[in-house]
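Listed here are the chains, written in short residue letters.
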Amino acid sequence: MEGSSAPAVRRDPYEVLSVRKDSSDQEIKSAYRKLALKYHPDKNSNNPEASELFEEVAYSYGILSDPEKRRQYDMAGFEALDAEGTDMEIDLSNLGTVNTMFAALFSKLGVPIKTTVSANVLEEALNGTVTIRPLPIGTSHSGKVEKQTAHFFGVTINNEQAETGLVVRVTSAAQSKFKLLYFEQDANGGYGLALQEDSEKTGKVTSAGMYFLHFQVYRIDSTVNALAMAKDPEAAFFKKLEGLQPCEVSELKAGSHIFAVYGDNFFKPATYIIEALCAKSYEDTTVKLKDIEAQILRKRNELRQFEIEYRKALAHFQEVTNRYTQEKQSVDEMLKQRDSIHSAFTVARSIANLSGSGSGHFSNGSSSKVLGEDYKTDVPGEYGISDSKEKSSKKRWFNLNLKDQIKRTKNGWLSMSQTWY
């Protein structure tokens, strides 16, 4: 149940699953299957402690079954995982009617709700008590599966088909919700769940598929993107490719292989068509898939580096934007102060001068012009003579002074002191 929510007190995942740190993926998977069935809520409805242990087991397996999360945990513990989003899987068979209705409503609104496979189905498969229908290569089968139950199919391939690859796909014209499951042979003769794909809407149908093509095949976990969007919408772009996860099984050997269609509708059965096809007829598509997924992986690495650069640039931009706001406020404040100071000269003092009694002090600006005009029109000329008479008098004084006061000194120089007025 990968992606289950973290327990309140976290223990070492290796300790929870009782495996060594150098345990193989298969050993971890087997340990998980046994503990998940032991503590599954379906089998322990009256034991709250079992439910908590089930969540702890699922959470631990979610870490150790993912190569990247396991690597991060081995290097830095839980802190390395805390920045990553976790999602919760729910078991519909363990929900009450009201909760099931709420889950159905949210699913209808587009909220990705991951559901677990019923413990009864897993236990029957592990005990080898399930009915298996044959599904030859190149054929299809139509059916209707009840909610939280499964139809099992056996696909047998020879050496040539195993080398070419296998494609198993399921579609539903009724747009039913379902899971496509793949089971591996267990040591005790039963079947353990190895892979699961949730149906997704594609055009007018819902579909799911598994491809075994002799190279690493990936699946998209849409809940990773949804969780990233909820946590940080601006950074959701950088998490868009993080949902690309490697499938645990990439190729099949010759022999019989067990698949199942699991009814994942909330209230009604799921109708479906399942097909098993040889990948030889998809040679061009196989090459394209390998090429595009390699490009996506490279792009994902580029985006991880670019996100670091983007974060730095964004922080710098924020810093510069803040400074711009501060500088703008500072400039506006200084200009405001300057206007206030300037007004003390141009407004306050000019009013004082206008209210004075002919003072000879003048202020700057327009006030000096007003006082000049007042002085020119109101102040009488010298000796109480009017303006026009003053001009002619000054002319006469000018002429007289030139005649009377120009004298030759003893040294032969002209003395013109106190001549100009």
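Notes on the structure follow.

**What about the packing of helix H2 (residues 25–39) against helix H3 (residues 48–64)?**
So, step 1. Orientation of H2 relative to H3, taken along the N-to-C sense of each, is 160 degrees, at an axis distance of 9 Å. Judged by the angle between their axes, H2 and H3 are roughly antiparallel. Our pair here, H2 against H3, has a crossing hand that is left-handed. Between H2 and H3, the contacting residues are Ile28, Lys29, Tyr32, Leu35, Ala36 and Tyr39 on the first element and Ala50, Ser51, Leu53, Phe54, Val57, Ala58, Tyr61 and Leu64 on the second.
So, step 2. For the contact of H2 with H3, the class distribution of residues is 12 nonpolar, one polar and one charged.

**As for the nonpolar core**
So, step 1. In this structure, Leu166, Tyr182, Phe212, Leu252, Phe259, Val261 and Ile274 are the most contacted members of the largest nonpolar core, which totals 25 residues.
So, step 2. Broken down by secondary-structure element, the contributors of at least two residues to this core are strand E5 (150–157), strand E6 (166–172), strand E7 (178–185), strand E8 (191–198), strand E10 (205–212), strand E13 (255–263) and strand E14 (270–278).
So, step 3. Element by element, the count of residues in this core is highest for E14, at four residues.
So, step 4. Ignoring sequence-local partners within four residues, the contact set of phenylalanine 212 consists of Gly165, Leu166, Tyr182, Leu195, Val249, Ser250, Glu251, Leu252 and Phe259.
So, step 5. The next biggest cluster of nonpolar side chains, apart from the first, holds 19 residues, and it includes Leu17, Val19, Ile28 and Tyr59.

**A closer look at a nonpolar patch on the surface**
So, step 1. A cluster of nonpolar residues, Val331, Met334 and Leu335, forms a patch on the protein surface that exposes about 280 Å² of accessible area.
So, step 2. Assignment of secondary structure puts leucine 335 in helix H11 (residues 283–354).

**So, the side chain of threonine 206**
So, step 1. Mapped onto the elements, threonine 206 comes out in strand E10.
So, step 2. A relative accessible area of 7% means that threonine 206 is categorised as buried.
So, step 3. Here the side chain of threonine 206 touches serine 176 through a polar contact of 2.7 Å, landing on its backbone oxygen.
So, step 4. Setting aside residues no more than four positions away along its own chain, threonine 206 makes contact with Val170, Thr171, Ser172, Gln175, Ser176, Phe178, Ser199, Glu200 and Lys201.

Conventions adopted
- Residues numbered from 1 in each chain as written.
- Predicted model: local features only at pLDDT ≥ 70, side-chain atom pairs only at ≥ 80, totals over all residues.
- Heavy atoms only, no water.
- Axes fitted to C-alpha atoms, helices over the stretch in contact; angles between N-to-C directions.
- Helix = DSSP H or I, 4+ residues; strand = E, 2+ residues; numbered from the N terminus.
- Parallel < 35°, antiparallel > 145°, perpendicular 65-115°, else oblique.
- Left-handed = near helix turned anticlockwise from the far one by under 90°.
- Contact = heavy atoms within 4.5 Å.
- Nonpolar A, V, L, I, M, F, W, Y, C, P; charged D, E, K, R; others polar.
- Core = buried A, V, L, I, M, F, W, Y, C linked by side-chain atoms within 4.5 Å.
- Buried < 20%, exposed > 50% of the residue type's maximum accessible area, 1.4 Å probe, protein only.
- Patch = residues over 30% accessible without salt bridge, like charges linked within 9 Å, V, L, I, M, F, W, Y side chains within 5 Å.
- Areas by Shrake-Rupley, 256 points an atom, 1.4 Å probe, with all protein chains shown as cover.
- Salt bridge = Lys/Arg side-chain N within 4 Å of Asp/Glu carboxyl O.
- Polar contact = N/O pair within 3.5 Å; in protein donor to acceptor, adjacent residues only side chain to side chain.

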